[in-house]
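Residues per chain, in single letters:
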Amino acid sequence: MPEPGAFRDPELARKLAARIRALAEKLGRSVALMEVCGTHTVAIARSGLEGLMPGSLRLVSGPGCPVCVTPQGEIERAMAAARLADVTLATFGDMLRVPARGGSLESARSAGADVRMAYSPREALDVARAEPNRQVVFVGVGFETTIPAFAATVLEAREAGVGNFSVLPGFRLVPPALQAVLASGPAIDGFILPGHVSAILGTEPYAIIPDSGRAAVVAGFEPLDLMLAAEMLLAQLAEGLPRVEIGYRRAVRPEGNPEARRLIERVFEPADAGWRGIGVLPKSGLAFREEFREFDAARRFGLATPEVADPEGCRCGEVLTGRVAPKECPLFGDVCTPEDPVGPCMVSSEGCCAARYRYGVEGTSRR
Amino acid sequence: MCLAVPGKISAIDGRSATIDYGGGLTRPAALDLIPDARVGEYVLVHAGYAISRLDDEEAEETLKLIREMGHPDA
């Protein structure tokens, strides 16, 4: 395997930057590329890649931050679960600080609820085994990268007969969100597709992108990966031949990971889901199949998801679909900061507002 | 949230593997999603599960592609 730093080589980065500039010049018009994935948003902001991009090239963030698109009602449902007697609530760290009515999971913890941060649902299953008198509930958020881990953990819990483990399902699927962006979003010329979601899905679900005349490249997360994706997208546009290509071939196969998809399909079935600021998208989430409903914490504890309006003035929904840049939100950096966030795009470390705030890239585009 | 960390499988015990992340750091990961993985292979690990193999030849190919890129005659 190449050295870990190989995909950060400054000389190769300069070479790609020159290619990108030349292709942008050849195109002779302004181009907007959307990075769909929140992990890409952070990688781009952190690496300062935009400084290497020509002025005619604009990068726009998409809806791929799981915490950001989780409706406030689901946060409140998780807080209700945390307050139940004998419940240990586990979740990923980014979920803890999302504000809702009555506080956050973090404030629920300060008030005495047993809320624990976990990196893997499997860790929570271990807690359930070790503490049989507790009901361990995992607040499951994530896209196709993360969902197979939950499917496999639920299957393991079933196999091992662990009766005190369940999941509050808040999973969301990337292709329906892309479809929503394509249908209603701004003028996007090409998509930087999420590398690790694609490691599971493969390329087939993205055919809707070239069908709509846009370019698409699956990208990795190192600076050279992202620059290569931009180069490939501009080349597609210059050729006038939009298609789906993989720029992250060391990790992504055209067929994805069929075993991971099989596990997802075994445990879950598609269900309509709400996306913060976007609304309900058909079949864009997952529900437990009847046979696995005992693992659905909402059902086990009779937890409803309240309908909650987004905070006043917060434009996260428009930011998430690339219609508004973070700086264009009147709350950005003033009322809404990472220390005292109003909306989820400022809470999650992967939210584009937080990335923009922390790495100091300003302006109506990112420059 | 879609961060995945590359590491090398140094041991396998049933469906669990020991992943070597270099610098003396090893951690367990589940192999449920790549059941036929073998010791010595590189994988990406996310949320405690190996989600994809890393292909050494493809990695070299991508670097070679960039190295050999000419300046476009725009």
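Residues numbered from 1 in each chain as written. Chains lettered and ligands numbered in written order. Predicted model: local features only at pLDDT ≥ 70, side-chain atom pairs only at ≥ 80, totals over all residues. Heavy atoms only, no water.

1. With respect to the packing of aromatic side chains
Residues and elements named next belong to chain A.
- All told, the structure shown has 9 aromatic pairs over all chains when counted by the stated rule.
- Ring centres of Phe268 and Phe288 lie 4.9 Å apart, and the angle between their planes is 50 degrees; on these two criteria the pair is classed as tilted. One end of the pair, Phe268, is in strand E10 (residues 268–275); the other, Phe288, is in strand E11 (residues 279–288), and 20 residues separate them in sequence. Across this residue pair, the class does not change: Phe268 and Phe288 are buried.
- Following the ring pairs from residue to residue traces out a cluster consisting of Phe92, Phe138, Phe150, Phe171, Phe268 and Phe288. (Phe/Tyr/Trp six-rings, centres within 6.5 Å; stacked < 30°, edge-to-face > 60°. Helix = DSSP H or I, 4+ residues; strand = E, 2+ residues; numbered from the N terminus. Buried < 20%, exposed > 50% of the residue type's maximum accessible area, 1.4 Å probe, protein only.)

2. A few points about the nonpolar core
All names here are of chain A.
- Of all hydrophobic cores here, the largest spans 113 residues; its most connected members are Leu89, Phe165, Leu168, Phe191, Leu193 and Phe268.
- In terms of residue count, the dominant contributor to this core is helix H7 (residues 147–160) (8 residues).
- Here Phe268 is in contact with Ile147, Phe150, Ala151, Phe171, Leu286, Ala287, Phe288 and Arg289, once residues within four sequence places are set aside.
- Grouped together as the second largest cluster of nonpolar side chains are 36 residues, Leu33, Leu49, Ala215 and Ala219 included. (Core = buried A, V, L, I, M, F, W, Y, C linked by side-chain atoms within 4.5 Å. Contact = heavy atoms within 4.5 Å.)

3. Details of the sheet that holds strand E3 (residues 87–91) of chain A
All names here are of chain A.
- In space, the 4 strands of this open sheet follow the order E4-E3-E5-E6, with parallel pairing throughout. Only two strands of the sheet have a single neighbouring strand rather than two, namely strand E4 (114–117) and strand E6 (165–171). Sheet twist, expressed as the average angle between the axes of neighbouring strands with direction ignored, equals 25 degrees.
- Taken together, the 4 bridges between E3 and E4 define a ladder with parallel strand orientation. (Pairing = 2+ DSSP bridges. Axes fitted to C-alpha atoms, helices over the stretch in contact; angles between N-to-C directions.)

4. Overview of the packing of helix H1 (residues 10–27) of chain A against helix H1 (residues 56–67) of chain B
- The interhelical angle for the contact between H1(A) and H1(B), taken along N-to-C directions, is 60 degrees, at an axis separation of 9 Å. The orientation of H1(A) with respect to H1(B), classified from their angle, is oblique. Mapping the contact onto sequence places A:Leu12, A:Lys15 and A:Leu16 in H1(A) and B:Leu63, B:Ile66 and B:Arg67 in H1(B).
- Its residues assigned to classes, the contact of H1(A) with H1(B) comprises 4 nonpolar, no polar and 2 charged. (Parallel < 35°, antiparallel > 145°, perpendicular 65-115°, else oblique. Nonpolar A, V, L, I, M, F, W, Y, C, P; charged D, E, K, R; others polar.)

5. Focus: the layout of surface pockets
Residue and element names in this part refer to chain A.
- Estimates place the volume of the second largest pocket at around 540 Å³.
- Forming the walls of the second largest pocket are 30 residues, and the residues nearest its centre are Pro71, Glu74, Arg172, Gly274 and Thr305.
- Elements with a contribution of two residues or more to the lining of the second largest pocket: helix H4 (72–82), E6, E10 and E11.
- In terms of residue count, the dominant contributor to the lining of the second largest pocket is E11 (6 residues).
- Of the residues in the lining of the second largest pocket, the class split is 13 nonpolar, 8 polar and 9 charged. (1 Å grid on protein atoms, 1.4 Å probe; cavity = no way out; pocket = protein on both sides within 12 Å on 5 of 7 lines; lining within 4 Å. Points joined across faces, edges and corners; volume = space filled by probe spheres on them.)

6. A look at the interface of chain B and chain A
- With 38 residues of chain B at the contact, the number on the chain A side is 49 residues.
- Surface buried jointly by chain B and chain A totals about 3,700 Å² across both partners, of which 66% is contributed by carbon and sulfur atoms.
- Applying the counting criterion to the chain B and chain A interface returns 2 salt bridges.
- Among the salt bridges present, the one from B:Arg15 reaches A:Glu159, with a minimum N-O distance of 3.0 Å.
- Only strand E3 (26–30), strand E4 (42–46), strand E5 (49–54) and H1 of chain B provide two or more residues apiece to the side of chain B that touches chain A. (Buried area = accessible area lost by both parts, 1.4 Å probe. Salt bridge = Lys/Arg side-chain N within 4 Å of Asp/Glu carboxyl O.)

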